[in-house]
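# Analysis of the macromolecular model
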Amino acid sequence: GNLVSDIKVRYNLVYDIGQGVISDMGGIYSSGWQKGGEIIGNIVHDVYRFDGPGGYGGHCLYFDQGSANHIIKNNLLYNCSDDGITVTGCCSNLSISNNIIGNAMHSIGGGCNLDGYWFTAEDLKINHNIFLTYSAESVFLYSYAEKNQVWLRTESDNLFYDYSGSYTEEEFHNNEYYDEDPMFKDSANGDFTILDGSPLFDLEGFEIFDFSGAGKQ
């Protein structure tokens, strides 16, 4: 059996990765099966891959090649070339909850081209997250197979907010929280301070978390 287990990646501050020079990277990267993995309380931002011909893969969190059995929770992820969280390579049993993801081309993206296998709701449990976009070109949840629809159809209790106004209610399958401004102080410029009156204080299932200690001893 696999000897790797119970790896905890907690309360790190990871930023300025790639710097537009290299490709295929994540601020935090996982590959392969293990049990008891936790990615909790991290801040990852400004992950930018090479933007020229052939450039790809600038993600905040990168779950690759069969990554399994992780809890991904209470992370603040923003400013990246591609996916806030990318999930590829036939991963399974990933619980993605209570994260804030902003200013990514895809808040969560991925898929798998091995043997025609695609994710199901059982493989990825995506609940109680805050997804923000600032551009009509961005996508909240993306699969290589079917843009935006695969996971939005099966998941609930996430807050989606589009500052650009380019999405319609129909595209969110009438998700109850799709059009709630979470009222961050200045998320477009990296200030995710939650203002008084924010709906996040009353959002069922979402737990306010303190990310100010990330990167500090």
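Above this text you will find the structure in question.
Rules of the game
- Residues numbered from 1 in each chain as written.
- Predicted model: local features only at pLDDT ≥ 70, side-chain atom pairs only at ≥ 80, totals over all residues.
- Heavy atoms only, no water.
- Helix = DSSP H or I, 4+ residues; strand = E, 2+ residues; numbered from the N terminus.
- Buried < 20%, exposed > 50% of the residue type's maximum accessible area, 1.4 Å probe, protein only.
- Contact = heavy atoms within 4.5 Å.
- Areas by Shrake-Rupley, 256 points an atom, 1.4 Å probe, with all protein chains shown as cover.
- Salt bridge = Lys/Arg side-chain N within 4 Å of Asp/Glu carboxyl O.
- Polar contact = N/O pair within 3.5 Å; in protein donor to acceptor, adjacent residues only side chain to side chain.
- Disulfide = S-S within 2.5 Å.
- Phe/Tyr/Trp six-rings, centres within 6.5 Å; stacked < 30°, edge-to-face > 60°.
- Core = buried A, V, L, I, M, F, W, Y, C linked by side-chain atoms within 4.5 Å.

This paragraph deals with the overall build of the protein. When you go through the protein residue by residue, the secondary structure sums to one helix and 14 strands. The buried share of the protein, reckoned over its 217 residues, is 49%. A fraction of 68% describes how many contacts in the protein between residues 6 or more apart in sequence connect residues 24 or more apart. On the protein, roughly 10300 Å² of surface is accessible, and the fraction owed to carbon and sulfur atoms is 47%.

Phi at Gln 19 is positive, roughly 55 degrees, even though this residue is not glycine. When you line up the elements, Gln 19 lands in the loop between β2 (13-17) and β3 (25-40). For Gln 19, a relative accessible area of 63% gives the class exposed. For His 128, which is not glycine, the phi torsion reads 60 degrees and is therefore positive. As for its placement among the helices and strands, His 128 is situated in the loop between β9 (124-127) and β10 (130-133).

Attention now goes to the environment of Ala 104. Along the chain, the position of Ala 104 falls in strand β8 (residues 100-111). On a C-alpha basis, the gap between Ala 104 and Asp 46 in space is 9.8 Å, while along the polypeptide they are 58 residues apart.

Tallied over the full model, the rule gives four salt bridges. The salt bridge partner of Arg 49 is Asp 51, with a shortest N-O separation of 3.4 Å. Here Asp 51 falls in the exposed class, since its relative accessible area comes to 68%. The salt bridge involving Asp 82 is made with Arg 49; its shortest N-O contact spans 2.9 Å. Taken as a pair, Asp 82 in strand β6 (residues 76-88) and Arg 49 in the loop between β4 (43-47) and β5 (58-73) lie far apart in primary sequence, 33 residues in all. Three or more residues joined by partner-sharing salt bridges are found here, namely Lys 8, Arg 10 and Glu 38.

Turning our attention to the side chain of Thr 133. Relative to the helices and strands, Thr 133 resides in strand β10. Here the side chain of Thr 133 touches Asp 162 through a polar contact of 2.8 Å, side chain to side chain.

This part is about the state of the cysteines. One pass over the structure, following the stated rule, counts zero disulfides. No disulfide involves Cys 80; its sulfur sits 4.0 Å from that of Cys 60, the nearest cysteine. Judged by its relative accessible area of 5%, Cys 80 falls in the buried class.

A complete count under the given rule lists eight aromatic pairs for this structure. Geometrically, the ring pair formed by Tyr 78 and Phe 192 is tilted, given 5.0 Å between the ring centres and 45 degrees between the ring planes. Residue Tyr 78 is found in strand β6, and its partner Phe 192 is found in strand β14 (residues 191-194); the two are separated by 114 residues along the sequence. Accessibility classification places Tyr 78 together with Phe 192 in one group, the buried group. Both rings, one in Phe 209 and one in Phe 211, keep their centres 5.8 Å apart while their planes meet at 70 degrees; by these two values the pair is edge-to-face.

Another aspect to go through is the nonpolar core. One recurring pattern in soluble globular proteins: nonpolar side chains tend to sit buried together. One finds Val 44, Leu 61, Phe 63, Ile 72 and Ile 85 to be the most contacted residues of the largest nonpolar core, which totals 24 residues. Within the residue set of this core, elements represented by two or more residues are β3, β4, β5, β6, β7 (92-97), β8 and β9. Residues Ile 130, Leu 132, Tyr 161 and Ile 194 belong to the second largest nonpolar core, which totals 17 residues.

To continue, consider the side chain of Arg 49. Note on Arg 49: relative accessible area 15%, which makes it buried. Within polar-contact distance, the side chain of Arg 49 engages the side chain of Asp 82 at 2.9 Å. Setting aside its immediate chain neighbours within four residues, Arg 49 contacts Gly 20, Val 21, Ile 22, Ser 23, Met 25, Gly 55, Tyr 56, Gly 57, Gly 58, Ser 81 and Asp 82.

Function-wise, these values are silent; they only describe arrangement.
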